[in-house]
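Okay, here's what each chain looks like letter by letter:
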Amino acid sequence: MFCTNCGKELKPGAKFCTTCGCPVDADDAEETRVVSSPDETSVVSPDTTTVSGPAAETSVVSPDATTVSEAADETTVIPESPAAPEHDRAADTAAAVASFDDVEPAPAPAYAASAPVPPAPAGEAPKKKGHGALIIGIVALIAVLAVGGALYVRLHGLPGSAQTAYTADAPAQVSAKTRVRPKDANGKEMSAYVAYLVSTKGTGDAASISTTPYRYEGTDDSGFTLEDFGDVEDGDYTLVIVDNSDSGSSARYDVPVHYEHDNPKAPESLDPEPPAPSADDTQAAATTTDARTDEQKAADLYLAKCREYIDKYGKATLTHYDYVDLASGLAVARLMDFDGDGTDELLLAYDTVPAPSGSSFDYDSDQKSAYKVEVWAYKDGKISKVYDEPDTVLSADDGSLFVQITTLDGTETCVSTRTQDYDENTFSDVFRNYAFDGDEFDVALETASSSEQGGSNTVFTVDGQEVSLDDELAASKRVQQSDCFWLLASTYFQTSPDVSQTVSDTNATLDELKSRSEGNAATTVAATSEQAYTSESVDKSYTIVNPYSPSSTQGVMWSYPQFSKVDGSTDAALDALNAQLAKACEDDANLGKAWGPASGAMMVDDHQDLCASINGSIASVFSARDETGGGAHGTDESFGTFYDLSTGKAVDATTALNMSAEDLQAKGVAGINAFLAKNPSDLGVSADDISKMGGEQDRYVRDEKGTFIITRSYELGSYAFGSHRIYVMANDPANNAIVGTEVADNY
């Protein structure tokens, strides 16, 4: 038997050629044997490609062969090398070493890099080798493979981006105990970063960086272990690392990994570090197209920043106190294009002090300073903090707090600040409007006044230059308020600012960032052109009979919504629905004008139709109704209706909420029972009655927080026990604590 690679004669039963090291199949030297059982060897003849399956098998490859292992956790590719020249078979037979027959090849490393096998010099007959030289050659080959295994990642720089993808012939093997020490492009260990595990399955929360539950925030350079992510399901993931080491910017790195809790193939540590790109890498990068858009990259980084602040300060939360509403946590997140370049910046305002407990709130000047306001901008694959000026939170006369966005000369979008300084002799009041030029925010207009105590000797300035009062007023008129985000507001008056809208819009921004990150069409926050519909409340005053004093009349103010597309236009479906809502109000008013005790009929004493939410084309309308027949008091007959604005028709709650009638009923029953557990009925209520209420679809309304069920007078107890609007589902599962609580706003 002779070696099919170099021609040397082999000892019977030999597994390898002692001259060239080529593996031999004793049964058929010209065919390929595929070994399917673990721990065996796939022996490949020249010019043959073998695909081997089991995870534990080893591929030994002759110089001209290419072997690809398809095990779930490894893929090894060894490129071709030129064929060795023909040899004199008879001349070197005596060089065979008997003891070498029992040498087994070393297992192929899990992440072997491409390592060409050097060819024999052309035209030169190979020299005879002794036993020692042969072993040295094998050791050298193993060393080459070991080095290749260590270099399991290959850097692909994304053109113009700091998002770097680490790719490999197979994912890096990791376990719960594997310690990851992220390094930056300079090889320095990161000291501030956020790490995510994103599933490659493409389904479920873990399949997106915006929703994955596997998240870890690093605050030093000690690294982290995979068990820091919590209970991770075994499988393939992308380990996403957002580098925040530089306080002024963030960059993202991706590393493919295969996770098993007790992975026997996992190393103790993993140090992802990009090697210096070679000339070939640079050339390849220049011709590679990054599939992710700048909008997606910016959304990833903006979302990571928001989640960082949510983890630190809490999510946007509205707290109701006696006569005060307060937004805490990450209270404001808004996407705004300050410089008009088509790429949004991210405005953030967050409360660094937890919301006070209790039902009362005492105004404190420290609350104003507890809020911080920042703007982050995306550029070249990174986000940088470009604004964090003090005094951006402004105070109204009643102590309410807000962030103001202005327009300067009708074109520049600015962030406003107001700085007031007092001492025993003077008072100064300075307004600054900061505009963004694409790199930084700077003062675009400053107006100020200063005076001695008592208001005498007032001096006015514009951009630091003293001017007359008229000139200062003229400069101030160049600035118009374009938006206002309320952080704290007095609710004593009915016209108080709506802090709940601030919180709602912040949650909408987070949803928008998730949508952009996943590559979906942008549907920006707070009614942008991508949102299909909007509504406006129409208030109408009527004079109707006073049912409690039928000989007299009473003035009432009733309301109903009118729907349109965001551009202000309507269509036939919207026109028909708007006419229907207006007519219902008019019909109740006409009944009230003609009503009398002798009629024996009921009249509507209060008619309020309120648009609680619009989700896509589905609008949820809450209809507050108080009906009376002239007795001691009226009864609550409120109800909810879902409308499909694309057709103008009412739809079932199950259709609007995309759930079965049984599931909706179960949610309603559970919500009512949770409410009664905390607020026991004064008369008692049967399980059958609760089940019946849960099954009636005209009781459900969806607002910006969740879906609530309407219970009416006498249904849960006496008239004094009241009617209630009880949350049965939260829009955000993280806010499930609202289930069983009563709706506080407007209903």
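Attention in this report is confined to the structure presented alongside it. (Residues numbered from 1 in each chain as written. Predicted model: local features only at pLDDT ≥ 70, side-chain atom pairs only at ≥ 80, totals over all residues. Heavy atoms only, no water.)

To continue, consider the side chain of Thr-417. Its place among the elements puts Thr-417 in strand β23 (residues 412-422). Looking at Thr-417, the relative accessible area reads 2%, which means it is buried. Setting aside its immediate chain neighbours within four residues, Thr-417 contacts Tyr-387, Glu-389, Pro-390, Asp-391, Thr-392, Leu-394, Val-430, Phe-431, Arg-432 and Tyr-434. (Helix = DSSP H or I, 4+ residues; strand = E, 2+ residues; numbered from the N terminus. Buried < 20%, exposed > 50% of the residue type's maximum accessible area, 1.4 Å probe, protein only. Contact = heavy atoms within 4.5 Å.)

For the rest of this paragraph, the subject is the sheet that holds strand β37 (residues 706-711). Strands sit in the order β36-β37-β38 across an open sheet of three strands; the sheet is antiparallel. The outermost strands of the open sheet, each flanked by one partner alone, are β36 (700-702) and β38 (724-730). Strand-to-strand twist across the sheet, computed as the mean angle between neighbouring axes with direction ignored, equals 30°. Where β37 lies against β38, six bridges are found, and the strand directions are antiparallel. Across the sheet, residue Ile-709 finds its bridge partner in β38, namely Ile-726. Contacts between helix α9 (residues 661-678) and the sheet are confined to β36, β37 and β38, with β38 contributing the most and set at about 125° to the helix. (Pairing = 2+ DSSP bridges. Axes fitted to C-alpha atoms, helices over the stretch in contact; angles between N-to-C directions.)

Bringing the packing of α9 against helix α10 (residues 687-694) into the picture now. As a packed pair, α9 and α10 sit with axes 8 Å apart at the nearest point and diverge in direction by 130°. Taken together, the axes of α9 and α10 lie oblique to each other. Crossing of α9 against α10: the hand is right-handed. Facing α9, whose interface residues are Leu-664, Gln-665, Val-669, Ile-672, Asn-673 and Leu-676, α10 presents Ile-690, Ser-691, Met-693 and Gly-694. In the contact of α9 with α10, the residues fall into six nonpolar, four polar and no charged. (Parallel < 35°, antiparallel > 145°, perpendicular 65-115°, else oblique. Left-handed = near helix turned anticlockwise from the far one by under 90°. Nonpolar A, V, L, I, M, F, W, Y, C, P; charged D, E, K, R; others polar.)

This part covers a negative patch on the surface. Judged by side-chain charge, Glu-389, Asp-391, Asp-421, Asp-423, Glu-424, Asp-437, Glu-440 and Asp-442 come together as a negatively charged surface patch. Within the secondary structure, Asp-442 sits in strand β25 (residues 441-452). For Asp-442, a relative accessible area of 47% corresponds to the partly exposed category. (Patch = residues over 30% accessible without salt bridge, like charges linked within 9 Å, V, L, I, M, F, W, Y side chains within 5 Å. Areas by Shrake-Rupley, 256 points an atom, 1.4 Å probe, with all protein chains shown as cover. Salt bridge = Lys/Arg side-chain N within 4 Å of Asp/Glu carboxyl O. Lys, Arg positive; Asp, Glu negative; His and termini not counted. Charge placed at Lys NZ, Arg CZ, Asp CG, Glu CD.)

Our focus in this paragraph is the packing of aromatic side chains. Two descriptors summarise a pair of aromatic rings, namely the distance from one centre to the other and the angle between the planes of the rings. In total, this model carries 18 aromatic pairs according to the counting rule given. Aromatic pair Tyr-193 and Phe-224: ring centres 5.9 Å apart, planes at 40°, arrangement tilted. Here the residue Tyr-193 occupies a position in strand β9 (residues 193-199), and Phe-224 occupies one in strand β11 (residues 224-225), the gap between them amounting to 31 residues. Seen from their ring centres, Tyr-714 and Tyr-719 are 5.7 Å apart, and the 45° between their planes marks the pair as tilted. Residue class for Tyr-714 comes out partly exposed when judged on its relative accessible area of 46%. Ring-pair connections join several aromatic residues into one group, and the members of that group are Phe-338, Tyr-387, Tyr-434, Phe-436 and Phe-441. We note Arg-334 situated over the ring of Phe-485; from NZ or CZ to the ring centre the distance is 4.7 Å. (Phe/Tyr/Trp six-rings, centres within 6.5 Å; stacked < 30°, edge-to-face > 60°. Lys NZ or Arg CZ within 6 Å of the ring centre and 35° of its normal.)

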